[in-house]
Amino acid sequence: MTQYNFAYLDEATKRMLRRAILKAVAIPGYQVPFSSREMPMPYGWGTGGVQVTAACLVPEDTLKVIDQGADDTTNAVSIRKFFARVAQVATTEATSAASVIQTRHRIPETLLQEGQILVFQVPIPEPLRFLEPRETETRTMHALEDYGLMQVRLYEDIARHGEIARAYAYPVRVEGRYIMDPSPIPKFDNPKLDNSAALQLFGAGRECRIYAVPPYTRVESLDFDDYPFTATKAAGQCCAICAAADSYLDEVITDDAGGRMFVCSDTDYCATRVAAQAEDAA
Amino acid sequence: MTPLLKVEALSKSYGAHLGCADVNFTLWPGEVMGIVGESGSGKSTLLNCLAGHMQPDTGRVIFDTRDHGPRDTVTMPTPERRWLARTDWAFVHQNPRDGLRMNVSAGGNVGERLMAVGARHYGDIRAQAEDWLGRVEIDARRMDDRPRAFSGGMQQRLQIARNLVTGPRLVFMDEPTGGLDVSVQARLLDLLRGLVQRLGLSAVIVTHDLAVVRLLADRLMVMKDGRVVEQGLTDQVLDDPQHAYTQLLVSSVL
Amino acid sequence: MIEISEVGKRFVLHNQGGAVLPVMEGASLTVAPGECMALVGASGAGKSTLMRMIWGNYRCDEGSIRVAGVELCKAEPRAVIALRRQSLGYVSQFLRVIPRVPTVQIVAEPLLAQGVGEDMALARAHAMLARLNIPQRLWGLSPTTFSGGEQQRVNIARGFIHDWPVMLLDEPTASLDAANRAVVLELITQAKARGAGILGIFHDAEARAAVCEREVDVTRFTPARGEA
């Protein structure tokens, strides 16, 4: 593929992206505007994440791409193949072997290490969007830390449902300053954002925003003193394949008679456990 | 004693059109001042400049802050001014829709200012919201209803509760009883008067209703064409008006 | 308690061709503590005008009005407000209230404004209303629908609820029956006994004779007509 520059984007674009990323890293949780490019995929399929990944990749990188935790879904496979072709980087499904991981809606179960970069695909970067539709106003609110309204949203949840009823895209406060949308990851994953050894980058292509959580940054999920945040998943269930009790589970409908099973959403985690169990048995 | 608010030579124009010009006054703690004048007299412009919603062209608005004493709110950094707006100041809009979040429950509306200044205990916030709903005579059972389902008078009372919950020291009111039925107005006036007296609030009330200022304001300022033509004790201005315009205004009341 | 010297007042009617109406000149009088002085003179001579200038809702154009040691002529609003809250009581002829406010609250208000506790203020209001023979069933109602005599008694109750050092009374016994008139005269006598300085307008000559030590005829402060 010599028709394309390394990692698809031209160097000037990557430089623009890297500047935005550096600024985002310098101001954790702050949404940095950038000039989003047309990518060979539709909006909503990870154009933001792909641009951030393209700006981060170097030839020595090993790339992993997951979609809802799985390495083998269409979106994950397409993006992995895309970079294998335009950047000729090595790819992997093993979380621990990857240097760059692009993800849609999950954080891997395996603890991330220093030197790893986790790139999130973000549909709506503005956590205050549905509370205050004016972008000029939400930017002012961020600038002035005027976050009462966000808390009102959580208050309304408790008043109406008896608990904070957000299961995903649960808002967080980064390093005690900016309120950030962690992308639509389940709130089960929120604790993994906190004090992570890896660099976490967020790209929103349609919205032209990049933001970041640098390694070892404090990330707190918003809550009330008497209604503390809890990271929940399917209650009382274990993975039907690897028997993990500590991983985030997908519910899989198995027949038309109400039959179902719960399995790990993180396919690599599940497969690694199954392999280890087979080894132990052998 | 330090004045709560000191306004010096305040002017604001909209291009060639004059908003208000050379306004000076001093408001002392516990005082309620009324501003009357016809539409276009500059009273709303003045109120918006005082409350930090609008930047005056010239002049100073010195407010006695809780922590740092008298400060010019015109030149103070925006974050500080916004902080004042959700702690020491309150602003009651004529139309409750401008001052309420219509898609947030009554309890959430009252609680917002508490949460904005850092309250993080749901039970406490709810208890305070309930207390304030009671004080403005809204049944606690309506707490989780949205203001859309409320009557105009209830919405206005909710707006007042929402504003007073953080214990402000200065309340700006823009025609607080405008657009309400006469019977509802009386109830609201009574409520406002009681709250102002009990809490020792200072207030600046813009209205064109002389009965409102007669009942609520200690002092009165009369504006015409952007300028203050007369100010003084409310009953003195109304019973013994000195300026031609004030005499006309007072004699025009039906 | 009240010292008035060389007070003058004129009205300028801007909307009637700028007509100037002098209504008072050279008014001087003194009311001592424990004394009740009556203002007399024909209707239109300026009794009410002088009362209002002392109360502060009429501006004083020249001279000096001192009440409880405070100069009122051209005083700042807050000085007048403080004086009314602490030292100067006024029983006017008309009751001006917000509809819906219960009678007992109206009577207790001067005490509440001074920071007296709610229970204490209401207890004293109850006692005062009882003394003025307002039936208890009316205490919780707004006086807007009361008869003229009842409204007047509410006004008096409000005026006497606090031991003001200085009091202005505008026809306090008008529209009252004999029994209530006696109560009001007793209130005035008691106020004098505790040292209050009182200035009043009494058309009721008998009442005036019963409580007032001195009279001042305001006709001598009335400017000659047609002078302006």
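Residues numbered from 1 in each chain as written. Chains lettered and ligands numbered in written order. Predicted model: local features only at pLDDT ≥ 70, side-chain atom pairs only at ≥ 80, totals over all residues. Heavy atoms only, no water.

**Q** Can you lay out the arrangement of the chains for me, pointing to particular residues and giving the numbers?
**A** The structure contains 2 pairs of chains in contact, of which chains B and C account for the largest number of contacts. Contact between chain A and chain C is absent, and the least distance between their C-alpha atoms amounts to 34 Å. (Contact = heavy atoms within 4.5 Å.)

**Q** Go over the confidence of the model for chain C with me, naming the residues and quoting the values.
**A** Mean pLDDT over chain C stands at 90; residues scoring 70 or higher make up 98%. Reported confidences for the modelled complex are a pTM of 0.86 and an ipTM of 0.87. (pLDDT = per-residue confidence, 0-100.)

**Q** Hey, could you go over the sheet that holds strand β7 (residues 178-180) of chain A for me, with residue numbers and the actual values?
**A** Residues and elements named next belong to chain A. The strand order across the open sheet formed by 3 strands is β7-β6-β10, and the pairing between neighbours is antiparallel. Looking at strand neighbours, the two that pair on one side only are β7 and β10 (219-221), the edges of this open sheet. Geometrically, the sheet is characterised by an average inter-axis angle of 30° between neighbouring strands, direction not taken into account. As judged from the 3 bridges shared by strand β6 (residues 172-174) and β7, these two strands associate in the antiparallel manner. Opposite valine 174, over in β7, you have tyrosine 178 as the bridge partner. (Pairing = 2+ DSSP bridges. Helix = DSSP H or I, 4+ residues; strand = E, 2+ residues; numbered from the N terminus. Axes fitted to C-alpha atoms, helices over the stretch in contact; angles between N-to-C directions.)

**Q** Lay out the interface of chain B and chain C with the relevant residues and their values.
**A** Taken together, the 27 residues of chain B in the interface contact 25 residues of chain C. When chain B packs against chain C, close to 2,400 Å² is buried across both sides, 49% of that on carbon and sulfur atoms. One can count 4 salt bridges joining chain B with chain C. Among the ionic pairs, lysine 9 of chain C bridges to aspartate 240 of chain B, the shortest N-O distance being 2.4 Å. Counting across the chain B and chain C interface gives 11 residue pairs in polar contact (both at pLDDT 80 or more). For the side of chain B that touches chain C, the secondary structure elements donating two or more residues are α7 (182-199), α8 (210-216), β10 (227-233), α9 (234-239) and α10 (244-251) of chain B. The dominant element in the side of chain B that touches chain C, judged by the number of residues it contributes, is α7 of chain B, at 6 residues. (Buried area = accessible area lost by both parts, 1.4 Å probe. Salt bridge = Lys/Arg side-chain N within 4 Å of Asp/Glu carboxyl O. Polar contact = N/O pair within 3.5 Å; in protein donor to acceptor, adjacent residues only side chain to side chain.)

**Q** Break down the packing of helix α5 (residues 148-161) of chain A against helix α5 (residues 122-135) of chain B for me, citing the residues and quoting the values.
**A** The angle between the axes and the distance between the axes are what describe a pair of packed helices. Here α5 of chain A crosses α5 of chain B at 85°, and the two axes come no closer than 11 Å. Here α5 of chain A is positioned roughly perpendicular relative to α5 of chain B, judged by the angle of their axes. Touching Tyr155, Ile158 and Ala159 of chain A of α5 of chain A are Tyr122, Ile125 and Arg126 of chain B, all from α5 of chain B. Looking at side-chain class alone, the contact of α5 of chain A with α5 of chain B contains 5 nonpolar, no polar and 1 charged residues. (Parallel < 35°, antiparallel > 145°, perpendicular 65-115°, else oblique. Nonpolar A, V, L, I, M, F, W, Y, C, P; charged D, E, K, R; others polar.)

**Q** Kindly report on the interface of chain A and chain B, identifying the contributing residues and their values.
**A** Often, the extent of an interface is quoted as the loss of accessible area upon association of its parts. Counting residues at the interface gives 19 residues for chain A and 22 residues for chain B. Considering only the surface of chain A that becomes buried against chain B, Leu144, Val152 and Tyr155 of chain A emerge as the three largest contributors, covering 31% of it. Between chain A and chain B we count 3 salt bridges in total. Here arginine 82 of chain B ties to aspartate 146 of chain A by a salt bridge, and the two come within 3.2 Å at their closest N and O atoms. Elements supplying a minimum of two residues to the side of chain A that touches chain B: α4 (135-143) and α5 of chain A.

**Q** So what about the state of the cysteines? Which residues, and what values?
**A** Here, the word disulfide means a covalent bond between the sulfur atoms of two cysteines. Residue and element names in this part refer to chain C. Applying the stated criterion across every chain, the model contains 1 disulfide over all chains. Two residues share a disulfide in this structure: cysteine 60 and cysteine 73, whose sulfurs sit 2.4 Å from each other. Between cysteine 60 and cysteine 73 the disulfide shows an S-S torsion of about -85°. By sign, it is left-handed. Of this pair, cysteine 60 sits in the loop between α1 (47-55) and β4 (62-67) while cysteine 73 sits in the loop between β5 (70-71) and α2 (77-86), and the two are 13 residues apart along the sequence. Assigned by exposure class, cysteine 60 and cysteine 73 land together as buried. (Disulfide = S-S within 2.5 Å. Buried < 20%, exposed > 50% of the residue type's maximum accessible area, 1.4 Å probe, protein only.)

**Q** Which residues make up the packing of aromatic side chains, and what values go with them?
**A** Taken as a whole, this structure holds 16 aromatic pairs over all chains when the rule is applied. Considering the side-chain rings of phenylalanine 120 of chain A and phenylalanine 202 of chain A, the 4.2 Å spacing of their centres and the 10° angle between planes classify their relative orientation as stacked. Here phenylalanine 202 of chain A lies in strand β8 (residues 199-204) and phenylalanine 120 of chain A lies in strand β5 (residues 117-121), a separation of 82 residues in the sequence. Note on accessibility: phenylalanine 120 of chain A and phenylalanine 202 of chain A belong to one class, buried. Plain terms: the ring middles of phenylalanine 63 of chain B and tryptophan 89 of chain B are 5.7 Å apart, the flat faces sit at 85° to each other, and that makes the pair edge-to-face. In this pair, phenylalanine 63 of chain B sits in strand β4 (residues 58-65) while tryptophan 89 of chain B sits in strand β6 (residues 89-92), placing the two residues 26 residues apart along the sequence. This pair shows no difference in class: phenylalanine 63 of chain B is buried, exactly as tryptophan 89 of chain B is. Ring pairing ties together the aromatic residues Tyr4, Tyr8, Phe82 and Phe83 of chain A, which thus form one cluster. (Phe/Tyr/Trp six-rings, centres within 6.5 Å; stacked < 30°, edge-to-face > 60°.)

**Q** Go over the sheet that holds β8 of chain A with me, naming the residues and quoting the values.
**A** Residues and elements named next belong to chain A. Spatial ordering of the open sheet is given by β1-β9-β8-β5-β4-β2-β3, a layout of 7 strands whose pairing is mixed. Every interior strand has two partners, whereas the edge strands, β1 (32-33) and β3 (90-91), have only one. Across 5 bridges, the pairing between β8 and strand β9 (residues 209-213) is antiparallel. By the bridge assignment for β9, alanine 204 is matched with arginine 209. Its contacts with the sheet put helix α1 (residues 11-26) on β1, β8 and β9, and the angle it makes with β9 is roughly 45°.

**Q** Go over the pattern of salt bridges, please, and point to the residues and values.
**A** Under the counting rule described, the total for this entry stands at 50 salt bridges over all chains. The partner of glutamate 135 of chain A in a salt bridge is arginine 129 of chain A, and the shortest N-O contact between them spans 3.4 Å. The class of glutamate 135 of chain A is partly exposed, set by a relative accessible area of 26%. When its relative accessible area of 19% is taken as the criterion, arginine 129 of chain A is described as buried. Here arginine 142 of chain B makes a salt bridge to aspartate 145 of chain B, at a shortest N to O gap of 2.7 Å. Residue class for arginine 142 of chain B comes out partly exposed when judged on its relative accessible area of 25%. Look at aspartate 145 of chain B and you get partly exposed, because its relative accessible area is 29%. Linked by salt bridges that have partners in common, Arg106, Glu109, Asp189 and Lys192 of chain A make up one network.

**Q** Tell me about the nonpolar core, and name the residues and values.
**A** Phe224 of chain A together with Phe160 and Ile188 of chain C are the most contacted members of the largest nonpolar core, which has 108 residues in total. For phenylalanine 224 of chain A, the residues in contact, after removing those within four places along its chain, are Gln151, Leu154, Tyr155, Ile158 and Ile164 of chain A together with Met115, Arg120, His121, Tyr122 and Ile125 of chain B. Core analysis: the next-biggest nonpolar cluster, separate from the first, contains 35 residues, Ile4, Val7, Val67 and Leu88 of chain C among them. (Core = buried A, V, L, I, M, F, W, Y, C linked by side-chain atoms within 4.5 Å.)

**Q** Any chance you could break down helix α4 (residues 106-116) of chain B for me, citing the residues and the numbers?
**A** Burial within α4 of chain B is extensive, with 11 of its 11 residues counted as buried. All of the buried residues in α4 of chain B are Ala106, Gly107, Gly108, Asn109, Val110, Gly111, Glu112, Arg113, Leu114, Met115 and Ala116 of chain B. On its buried side, α4 of chain B packs onto α5 of chain A together with α2 (78-86), β6, α5 and α6 (152-164) of chain B. Directly beyond the C-terminal end of α4 of chain B, a positive phi value near 110° is found at glycine 118 of chain B.

**Q** Just give me the short version of the packing of α6 of chain B against α7 of chain B, but keep the residues and values in it.
**A** Residue and element names in this part refer to chain B. Where α6 contacts α7, the two axes come as close as 10 Å, and the packing angle between them is 15°. In this view, α6 runs roughly parallel relative to α7, as classed from their interaxial angle. α7 is crossed by α6, and the crossing has right-handed handedness. Contacts from Gly153, Gln156, Arg157, Ile160 and Leu164 in α6 reach Val184, Arg187, Leu188, Leu191, Leu192, Leu195 and Leu199 in α7. Counted by class, the contact of α6 with α7 contains 8 nonpolar, 2 polar and 2 charged residues. (Left-handed = near helix turned anticlockwise from the far one by under 90°.)

**Q** Got a sec to walk through helix α6 (residues 178-193) of chain C? Specific residues and values, please.
**A** Under the 1.5 Å per step criterion, the end-to-end length of α6 of chain C is 22 Å for 16 residues, consistent within 8% with the ideal 22 Å. Looking one or two places after α6 of chain C, you find glycine 195 of chain C, whose phi comes out positive at around 105°. (Expected span 1.5 Å × (residues − 1).)

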